[in-house]
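Each chain, written out:
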Amino acid sequence: MIDTAPRFCVTEITFDERPVGLRIPFRYGAVTLRQAVQAVARVTLTFADGRMATGTAAELMAPKWFDKSPELTNDQNVEQLRRALALTRQRYLRHGAEMTAFGLHAAHDAAQRAEAATEGLNALVAGFGMALLDKAVIAALCTHCALPFATLVRDNLFGLTPATAPDLSQDQITATLAKLRPAPTLRARHTIGQIDPLTEADLPAERRVNDGLPETLQAAIATWGLSAFKLKLSGDGDFDHNRLVAIAAILDGIPDLTVTLDGNEQFPDGATFAAFWHRITADPRLARLVAAAGFVEQPIARATALSTPLGPELGDLAVEIDESDDSPDAFLKARDMGYRGISSKSCKGVYRALLNRVRVAVWNDTAGDARYFMSAEDLSTPPGLALQQDLSLAATLGVGHIERNGHFYGDGTTGLDPQETQDRIAAFPNLYCLDRGRMMLRIAKGTIDLTDLTAAAEGYIR
């Protein structure tokens, strides 16, 4: 409850970075990722009773997603995110009054975006700084309260209010959060990137990693028993059509097939995407894939997505925003344009995700059906703390399946001390396994077991 939410001051913030190696190049949108950097934040809080607690959070600094400006290099994209972290650090350390976790966030959210804009940083970049530090604050709160993330959500120990979501009431927020319970499992929705080899025959010898782990779609399905998939689109109608036909030939035999499509902002407007959608729905070779398509993610560029209606050409196809989710009211604007869903990503903020989850519950209750939805998406999150924190959020939101690709594209041991790897596997044996010397996300029959992650505070903090 609001009156029982712990209050504190932020007394110390430090940053570190960890290299993330990719075993397989990953193409999304206009970039092919071959290596990355993970930001690590540590925050120390001093609570009203004088006790102190430190929390740590991690998040990948992915280039060409937060800001896709072609004139910026990958290194410049990462430098933008470092600057956003620095701005948030200054704000949180200057805030001397004792606040709740959400109260601290709400006090600076709008000002952070405004200040970042004066430096040429867009709202998604600005939000990254707050999202990572807010996760570290939450981790410290888990330590202080000795409670798992989901319990803090259920009891609203973050102190969520309508401060950044005035369309909601406090009663709606409190009632919805009180009903949330972490799911014991989530289906892993495997990403199929634009350059990923589909069959063993598609992968020439000179491109093979030969590390014993899956390198093709066929091998990933065989290894992990996958039945849910996310298909990346390029915006090139001929290429995408042919690519989907090749993918469908592999997926058609899978029972309980679930598919989502990611437009990655590659379509200029709704009419262009609608024409592509009608093109693939008319192809009998894609009948089962189309029938299994749950939703389409952000097909239209963020510059126009929230100001141009999707139009009736798409019929009842569920479309969600992702990159357009750069402000607390983005989902409201998207709904007015015909969008029905919104993605959850830890890099966009835990509190925004929770408030959007409340909106989904309230709007569906008003509509009398489950028209509005949330999904959980991934930015190639490697195994470790960032993965655990993101899975904790997704499990609590009740999304059913989650895009997971960091274990496939990434090297799960890069930048990790061997002892840390051993400790994580020992602490979360249902979540991780050691496979050929790498710490890997454990996926069995297409499912991730979260029981040892969500049961205790350690899942979010260690």
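Further up the page is the structure itself.
Residues numbered from 1 in each chain as written. Predicted model: local features only at pLDDT ≥ 70, side-chain atom pairs only at ≥ 80, totals over all residues. Heavy atoms only, no water.

### A look at the overall build of the protein
Summing up its helical and strand segments, the protein has 17 helices and 14 strands in all. Based on the C-alpha atoms only, the size of the protein along its principal axes is roughly 65 × 50 × 45 Å. By residue count, 60% of the 462 residues in the protein fall in the buried class. Contacts in the protein between residues far apart in sequence, at least 24 positions, make up 74% of those at least 6 positions apart. Only carbon and sulfur atoms are counted for the fraction: they give 52% of the accessible area of the protein, which is about 16,800 Å². Here the protein contributes 46 positively and 57 negatively charged side chains, and the mean placements of these two sets differ by 2 Å. (Helix = DSSP H or I, 4+ residues; strand = E, 2+ residues; numbered from the N terminus. Buried < 20%, exposed > 50% of the residue type's maximum accessible area, 1.4 Å probe, protein only. Contact = heavy atoms within 4.5 Å. Areas by Shrake-Rupley, 256 points an atom, 1.4 Å probe, with all protein chains shown as cover. Lys, Arg positive; Asp, Glu negative; His and termini not counted. Charge placed at Lys NZ, Arg CZ, Asp CG, Glu CD.)

### Structural notes on the state of the cysteines
Applying the stated criterion to the full structure yields zero disulfides. Sulfur of Cys-347: no disulfide; nearest cysteine sulfur belongs to Cys-142 and is 19 Å away. The exposure class assigned to Cys-347 is buried, which follows from its relative accessible area of 3%. (Disulfide = S-S within 2.5 Å.)

### Overview of the pattern of salt bridges
Overall, the coordinates contain 35 salt bridges when judged by the stated rule. Note that Arg-279 and Asp-238 form a salt bridge whose closest N and O atoms lie 2.7 Å from each other. With Arg-279 in helix H8 (residues 270-281) and Asp-238 in helix H7 (residues 237-251), the pair connects residues that are 41 residues apart, well separated along the chain. Measuring nitrogen to oxygen at the nearest pair gives 2.8 Å for the salt bridge that ties Arg-285 to Asp-283. Bridged by salt links that share partners, the residues Arg-189, Lys-230, Lys-232, Asp-262, Glu-297, Glu-377 and Glu-403 form one connected network. (Salt bridge = Lys/Arg side-chain N within 4 Å of Asp/Glu carboxyl O.)

### Some remarks on the pairing of strand S12 (residues 432-435)
The side chains of a regular strand alternate, residue by residue, between the two faces of the sheet. Relative to strand S13 (residues 438-441), S12 runs antiparallel, the two sharing four bridges. Paired with Asp-435 across the two strands is Arg-438, which belongs to S13. Hairpin connection between S12 and S13: a loop of two residues separates the two successive antiparallel strands, and Arg-436 in this loop has a positive phi of roughly 55 degrees. (Pairing = 2+ DSSP bridges.)

### Re the sheet that holds strand S3 (residues 52-60)
Strand order in the open sheet formed by three strands is S1-S2-S3, and the pairing between neighbours is antiparallel. Looking at the sheet topology across the chains shown, the edges are occupied by strand S1 (8-28) and S3. Sheet twist, expressed as the mean angle between neighbouring strand axes with direction ignored, is 15 degrees. Two strands pair when backbone bridges link them, and strand S2 (residues 31-47) and S3 are joined in this way by nine bridges, in the antiparallel orientation. Note that in S3 the partner of Gln-38 across the bridge is Leu-60. With respect to the sheet, helix H3 (residues 123-145) is in contact with S1, S2 and S3, its orientation differing from that of S3 by roughly 140 degrees. (Axes fitted to C-alpha atoms, helices over the stretch in contact; angles between N-to-C directions.)

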